[in-house]
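# Examination of the molecular architecture
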Amino acid sequence: MLYYAVFCTERCKIKYHRRYIVRRFFALIAMIISGVFNTGILSAKEHPGMPAPTVVVEKAVPASAKAFRRYVGMVEAINSVQIMPRINGELRKIHFTEGSLVEAGQLLYEIEDTTYQAAVQGLEAQLEAQKATLAYATSEYIRKSKLLKSNAVSASAHDLAVMEINVAKANIKRLEAALIDAKNTLSYTRITSPISGRIGKSAVSVGNLLAPQMGALTDVQQLAPIYVKFSISEKALRRDFGGIENIKKNARVRAVLADGKVSEETAPITLVDNKINQKSNTITMWATFQNRSLELLPGSFVTVQLFAADTADGQTTVLPSALVMENGKCFVWILNTQNNIPVKKEVRIGETVAGRLIIIDGVKNGETVVVDGTHKIRANAPVIPVDAQKVFKQGR
């Protein structure tokens, strides 16, 4: 009996101890939840001793440039020509400076022409001889025609005179055609540039034997005008410009060079590819730059700034750091300058222009926006605003 009483006593203690631990555990959880909840919602009025946080602010200002999209582009020559030899012969002269600008029709190479000149002269001599033969055959025909009337010659002799005239005329045509071909071949001894542009390095030097199968002697790249090639998504093409014809009509392009310099010239899109790239869902297009300063060089990569020609300046802009994203929506904190209490407003955003974010709707020019320290803001709590210009000057 004593053993049973002790056993019951110990069992009761264990049950009590367990209940005590459970009660303490739930009490602790309630305290933690209460503390977190109170910390998150208490305003500065409920904590008068808590100092106001410092935030960086600036006024929303109108855009001073057009909104644009950035793409990677490549410069392409509209015309690019490889200079090829079309005949065999020794290279006698080079009439250009490598890497210089050349004009269309300018003499580049001169090939030894003795053989080809002789061929032309030989054909000219044959042509002259055939013309003399025709003249003789014509006079013979006239004499035999008179004698035929008096039956002094046979009809076959007369017909033979007619045939000799026709043969002579045919030979003249054959020689004239051969002479044209020979003169054309002779012209290949003087190689000229078919276009204006910048010529490259010569692959041969004077004294080398040239042949058509040896490949290009050099190349000429047209520099003005010139293409800038880039690709945009089909979605951007249809959403922002309404299709191919509209983008050719309304869009303009600027090119940013490798050193960051922006081209002064804006160019229209003059060519759009006839199909969508299935792998990337993009379409390729070409803008034509007049390139009068010759800054754009074929083969170089540039940053393309694509914008609508009728984009109006003056749209409201803020620093991108002012934007707050919550649940897929965009917000900014606008400061009430009377009591220094920020108010969160939903906004619609546009493109980034010169490092500033365009606000389509939700903020007006001149309103004070929090651009740094948004994580410090508490509901209905005042802040200490610091002008962004002062902060930037100190940072410098």
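Above this text sits the structure in question.
Residues numbered from 1 in each chain as written. Predicted model: local features only at pLDDT ≥ 70, side-chain atom pairs only at ≥ 80, totals over all residues. Heavy atoms only, no water.

Turning next to the packing of helix α2 (residues 114-149) against helix α3 (residues 155-187). Closest axis-to-axis distance for the α2/α3 pair is 8 Å, and the angle between their directions is 165 degrees. Here α3 runs roughly antiparallel to α2, going by the angle between their axes. Viewed along their axes, α2 and α3 form a crossing whose handedness is left-handed. (Axes fitted to C-alpha atoms, helices over the stretch in contact; angles between N-to-C directions. Helix = DSSP H or I, 4+ residues; strand = E, 2+ residues; numbered from the N terminus. Parallel < 35°, antiparallel > 145°, perpendicular 65-115°, else oblique. Left-handed = near helix turned anticlockwise from the far one by under 90°.)

Attention now moves to the sheet that holds strand β5 (residues 89-94). Reading across the sheet, the four strands line up as β8-β7-β5-β10 and stay open at both edges, with antiparallel pairing between neighbours. Two strands lie at the open edges of the sheet, namely β8 (190-192) and β10 (209-210), each paired on one side alone. Pairing geometry for strand β7 (residues 107-111) and β8, over three bridges, is antiparallel. For glutamate 110, the partnering residue across the bridge sits in β8 and is arginine 190. (Pairing = 2+ DSSP bridges.)

Further remarks concern the pattern of salt bridges. A side chain with one charge may pair with a side chain of the opposite charge, provided their charged atoms come close. Tallying each qualifying case throughout the model produces seven salt bridges. The salt bridge partner of arginine 238 is glutamate 234, with a shortest N-O separation of 3.0 Å. Of the two residues, arginine 238 and glutamate 234 both sit in helix α4 (residues 234-241), four residues apart, roughly one turn of that helix. You can call arginine 238 exposed: its relative accessible area is 52%. For glutamate 234, a relative accessible area of 21% gives the class partly exposed. Put simply, aspartate 273 and lysine 275 hold a salt bridge, and the shortest N to O gap is 3.8 Å. (Salt bridge = Lys/Arg side-chain N within 4 Å of Asp/Glu carboxyl O. Buried < 20%, exposed > 50% of the residue type's maximum accessible area, 1.4 Å probe, protein only.)

Strand order in the open sheet formed by four strands is β4-β11-β9-β6, with antiparallel pairing between adjacent strands. The two strands at the open ends of the sheet, each matched to only one other strand, are β4 (80-83) and β6 (101-102). The sheet contact formed by strand β9 (residues 197-199) and strand β11 (residues 218-221) spans two bridges and is antiparallel. Along β11, the bridge assignment pairs arginine 198 with glutamine 221.

The subject of this paragraph is the pairing of β7. For β7, the buried fraction is high: four of the five residues fall into the buried class. Here β5 pairs with β7 via three bridges, running antiparallel. Its bridge partner being in β7, isoleucine 94 is matched across the sheet by tyrosine 109.

Here threonine 284 is to be found in strand β15 (residues 282-289). Using a relative accessible area of 16% as the deciding quantity, one classes threonine 284 as buried. Within the structure, threonine 284 has its side chain in polar contact with the side chain of serine 231 (distance 3.0 Å). Once you skip the residues sitting within four places of it in the chain, threonine 284 turns out to touch Lys229, Phe230, Ser231, Val272 and Asp273. (Polar contact = N/O pair within 3.5 Å; in protein donor to acceptor, adjacent residues only side chain to side chain. Contact = heavy atoms within 4.5 Å.)

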